[in-house]
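# Overview (structure and organization)
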Amino acid sequence: MKVDLVEIDISHVELLRQWRNLNRYAFFNTDEITTEQHASWYAQYCSRQNDTQYIVVCDGEFVGTIGAINSNPIEVVRVMLGRKDLAGHGVMTAAINQLIAVYHWTNAILRVRADNEAAIKLYQKCGFRIKTTNGNVIEMSRESERGVVEAARRMGFGSRCLSQELGSDQHMTTAGDWIDAAYSRSAANDPGKLAQDA
């Protein structure tokens, strides 16, 4: 399976609208979007220099979409799998990882409906952690490995490799695992330090 991201253009707009309406209950605004409304959205999107939307291409076929607002932190937006027959095949996991590679981010956030369990599980698989919950809105955040190293240094780790600091017996698969382990190590060494860092 080969997954790529291609920046959208006007030829993709109607397909995105169809996907969005089929998946409207995963969005905060659950209204159906008309052709005119979506054309207006696309015009506004084109005027925003820091907002980029991509078509997710799997083995040469359009299968979904994902976007990013280039701010600090990066905001992941409008994540949607249009081809439901590909659910569970790792397509959107690969798309999020592609987005990470494109932006080289140190940290990122996203917002998701609290009742969208499938999306929350996907984001957690990609290293996002629940940050806040406000009604039906969950904000999640993710730190990259570079961000984790910087955070670990702020917690008093030396200049050695973080994996050496944490020990070779650690089996972390995401940046979130690294930072959780770093916090645990810091708390064990100095229980008062976490209060100072907060």
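Above: the structure in question.
All of the points below concern the structure found in this document. Quick caveat: nothing in here was measured; it's all calculated off a predicted structure.

### Some details on helix H2 (residues 35-47)
Counted at 1.5 Å a residue, the expected span for H2 with its 13 residues is 18 Å, and the 19 Å between its end C-alpha atoms agrees. Looking only at H2, the buried set comprises His-38, Trp-41, Tyr-42 and Tyr-45. What you see down the axis of H2 is that its buried residues fit within an arc of 100 degrees, all on one side. In H2, the exposed positions that point more than 90 degrees away from the buried face belong to Glu-36 and Ser-47. Buried positions along H2 lie against strand S1 (3-7), helix H1 (13-22), strand S2 (51-58) and strand S4 (74-81).

### Structural notes on the nonpolar core
Counting 31 residues, the largest nonpolar core has Val-56, Val-91, Leu-99, Trp-105, Tyr-123 and Phe-128 as its most contacted members. Elements that contribute at least two residues to this core include exactly S1, S2, strand S3 (61-69), S4, helix H3 (91-103), strand S5 (107-113), helix H4 (117-125) and strand S7 (137-143). Sort the elements by how many residues they give to this core and H3 lands first, with 7 residues. The next biggest cluster of nonpolar side chains, apart from the first, holds 11 residues, and it includes Ile-8, Leu-16, Tyr-42 and Met-80.

Conventions used here
Residues numbered from 1 in each chain as written. Predicted model: local features only at pLDDT ≥ 70, side-chain atom pairs only at ≥ 80, totals over all residues. Heavy atoms only, no water. Helix = DSSP H or I, 4+ residues; strand = E, 2+ residues; numbered from the N terminus. Expected span 1.5 Å × (residues − 1). Buried < 20%, exposed > 50% of the residue type's maximum accessible area, 1.4 Å probe, protein only. Arc of directions from axis to C-beta. Contact = heavy atoms within 4.5 Å. Core = buried A, V, L, I, M, F, W, Y, C linked by side-chain atoms within 4.5 Å.

Honestly, it's all geometry; don't read function into it.
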